[in-house]
Amino acid sequence: MTAAVQADAPSMEIDLGRLGENWRTVRGRYTGAELGAVVKCDAYGLGLDPVVAALSAQGCRQYWTLDFDEARRARALAPQAEIFVLDGLRGAPARAFREWRLIPVLNDPDEIALAARAAPLTVAIALDTGLGRLGLRPEAVRALAARGLDGLRVRAWVTQPASFSTPEGPESQGLYDRFLDLTAPLPRAARSLAISASVFARPEHHLDMARVGSALYGVDTTPGRALPLRPVARLDAPVLQVAELPAGAGIGYDGQFRCPRPMRVATLGIGYAHGLPYALMNRGAVRFGAHAAPIVGGISMGLTSVDVTGLPLHLAVPGARAEIFGDRQRIEDLAAQAGLPANALLSLAAAVCRKRYHGLRPDQPLASSLSESLP
Ligand SMILES: *Cc1c(COP(=O)(O)O)cnc(C)c1O
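Residues numbered from 1 in each chain as written. Predicted model: local features only at pLDDT ≥ 70, side-chain atom pairs only at ≥ 80, totals over all residues. Heavy atoms only, no water.

The next subject is the site of the ligand. Every residue close to the ligand is listed here: V38, K40, Y44, L86, Q160, I195, S196, R211, V212, G213 and S214. Here an oxygen atom of the ligand sits 2.5 Å away from a polar atom, N or O, in the side chain of Y44. Within the complex, the protein chains bury 87% of what would otherwise be the 390 Å² of accessible surface of the ligand. Of all the elements in the fold, those that place two or more residues in the shell around the ligand are α2 (40-44) and β9 (209-212). In terms of residue class, the shell around the ligand is built from 5 nonpolar, 4 polar and 2 charged. (Near = heavy atom within 4 Å. Polar contact = N/O pair within 3.5 Å; in protein donor to acceptor, adjacent residues only side chain to side chain. Areas by Shrake-Rupley, 256 points an atom, 1.4 Å probe, with all protein chains shown as cover. Helix = DSSP H or I, 4+ residues; strand = E, 2+ residues; numbered from the N terminus. Nonpolar A, V, L, I, M, F, W, Y, C, P; charged D, E, K, R; others polar.)

Encoded structure:
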């Protein structure tokens, strides 16, 4: 299939060369022994298959998938890798995990008992250090330490940090201490605490094994700490029409915006059905080159209006494309204006928009399109 941009639809470009660069940046920062990539939820929407292929070419040998189906897809692309399944045993019988050499992340005592009946089996076990979501509560950890592991081979003790946006803060220290306390009486296995934010924070918290997602995809989860990461995804949308509107004209439903003066307004072919948050009504901007064009009126299902008054005339014309996020506009900034985490914007837009891939190999020019995926 050729990788043409559909003239009337948004398009997401995914630069696998930059994904590789981010992998090398994280690799250079992480001081623990083992670094794995989180590719859950179709690699945050970017496409599990191309992402696993690109990261495997960089030497990545550990993947963290959401469920059994994703894990099998990763296995097909990375025959030698260790593949962890965050949903645990829920998606398939335990023997299927052994056959496919997948490592379920077990989250509660019942699941551990179920896995033990299929022993020998290699598993990871999640401990709750304050997130209150998945993982063994402290009393269950103590019971497990006393009872033993019934033939299960534990590859890693895992905890998900309940606080990561300020990795140098007291909360991070607290959950690090709790994790060390919890794992102390347990059999020795790799301790996995570090996620993207941790890799760029205190090396003493890196421990043995990291699970990194956002940083690889160029998303900074620590506001105010500009990290040395490159955006991997760029979303753009076509200009469908440009109109000169007189002062007082309305834009959008029910007078969502009223022109305070004569304005030139471009209608873009992107809306909330493509993942552009409705909360951006009269908020935020898109980019034409270096120029910002503020959003005016509401976000419709498939359309959004932007103010292009004063922009060089040739930039915003029908057929031109506006950058929604990418190099000119950080996804973190646009998401913040909508009150969202960047990953919420990224994963939703990536799941619904047509994607084009560039630069699978780092030595390939970025402009050489490799493939296209239709949602
Ligand atoms: C999503 C997830 C990660 C990755 O977090 P990032 O901040 O994106 O690096 C790590 N561990 C678990 C258990 C996760 O669910």
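Having put the structure on the table, let's press on.
Here we come to the UniProt feature "binding site: substrate" (unreviewed entry) in the chain. Annotation from UniProt places "binding site: substrate" (unreviewed entry) at R133 and M301. With the annotated positions falling across 169 residues, the maximum pairwise C-alpha distance of 33.4 Å shows that they are not confined to a single cluster. Structurally, R133 can be placed in the loop between β6 (121-126) and α7 (138-147). Topologically, M301 is positioned in the loop between β15 (291-299) and β16 (304-307). With a relative accessible area of 53%, M301 lands in the exposed category. Non-local contacts of M301, meaning those with residues more than four positions away in its chain, are made with G271, Y272, A273 and H274. (UniProt positions renumbered as here; feature names shortened; annotations may be inferred. Buried < 20%, exposed > 50% of the residue type's maximum accessible area, 1.4 Å probe, protein only. Contact = heavy atoms within 4.5 Å.)

Following the UniProt record, one finds the feature "modified residue: N6-(pyridoxal phosphate)lysine" (unreviewed entry) at K40. Structurally, K40 is set in helix α2. When sequence neighbours within four positions are dropped, the list of residues in contact with K40 reads W64, T65, L66, E70 and L86.

This part takes up the pairing of strand β13 (residues 263-268). Looking along a regular strand, one sees the side chains alternate between the two faces of the sheet. Buried residues dominate β13, accounting for 6 of its 6 residues. With 6 bridges joining them, strand β10 (residues 233-245) and β13 adopt antiparallel strand pairing. Within β13, the residue paired with V242 across the bridge is A266. One ladder, built from 4 bridges, connects β13 with β16; its direction is antiparallel. (Pairing = 2+ DSSP bridges.)

Read around the closed barrel, 8 strands run β2-β3-β4-β5-β6-β7-β8-β9, paired in parallel fashion. Between one strand axis and the next, the sheet turns through 30° on average, direction left out of account. Packing of helix α4 (residues 68-77) onto the sheet brings it into contact with β3 (62-65), β4 (82-85) and β5 (102-106), and relative to β4 it is tilted by some 170°. (Axes fitted to C-alpha atoms, helices over the stretch in contact; angles between N-to-C directions.)

This brings us to the pattern of salt bridges. Pairing between side chains of opposite charge can happen when the charged atoms of each approach one another. Under the defined criterion, the tally for this structure stands at 19 salt bridges. Across the salt bridge formed by E323 and R234, the nearest N and O atoms sit 3.0 Å from each other. Of this pair, E323 sits in strand β17 (residues 321-325) while R234 is found in strand β10, placing the two residues 89 residues apart along the sequence. When its relative accessible area of 29% is taken as the criterion, R234 is described as partly exposed. Here the residues in one salt-bridge network are D220, R330, E332 and D333, joined through shared partners. (Salt bridge = Lys/Arg side-chain N within 4 Å of Asp/Glu carboxyl O.)

The next thing to look at is the side chain of R155. Within the fold, R155 resides in strand β7 (residues 152-158). Within the structure, the side chain of R155 is placed 2.6 Å from the side chain of E82, a separation counted as a polar contact.

A cis amide bond, omega 5°, links A119 with the succeeding residue P120. Considering the arrangement of structural elements, one finds P120 in the loop between α6 (109-117) and β6. Unlike most non-glycine residues, D254 shows phi in positive territory, near 50°. Along the chain, the position of D254 falls in the loop between β11 (250-251) and β12 (257-258). Residue D254 is classed as exposed on the basis of its relative accessible area of 82%.

Take the nonpolar core next. Core analysis: the biggest nonpolar cluster contains 113 residues, and I125 and F288 have the highest contact counts within it. No fewer than three residues from each of domain 1 (31-212) and domain 2 (233-358) sit in this core. Once residues lying within four places of it in the same chain are set aside, the contact partners of F288 are V239, L268, A293, V306, V308, L311, L315, A316, R321 and A322. Judged by nonpolar contacts, the second largest core, of 7 residues, contains I251, F257, C259 and M263. (Core = buried A, V, L, I, M, F, W, Y, C linked by side-chain atoms within 4.5 Å. Domains from an automatic or database assignment.)

Assigned domains of the chain: these are domain 1 (31-212) and domain 2 (233-358). Contacts between the two partners involve 5 residues from domain 1 and, on the opposite side, 8 residues from domain 2. Taken together, both faces of the contact between domain 1 and domain 2 bury some 490 Å²; the carbon and sulfur share is 69%. At the surface where domain 1 touches domain 2, the tally comes to 0 salt bridges. For the pair domain 1 and domain 2, the number of links is 2 residue pairs in polar contact (both at pLDDT 80 or more). A class-by-class count of the residues in the side of domain 1 that touches domain 2 yields 3 nonpolar, 2 polar and no charged. (Buried area = accessible area lost by both parts, 1.4 Å probe.)

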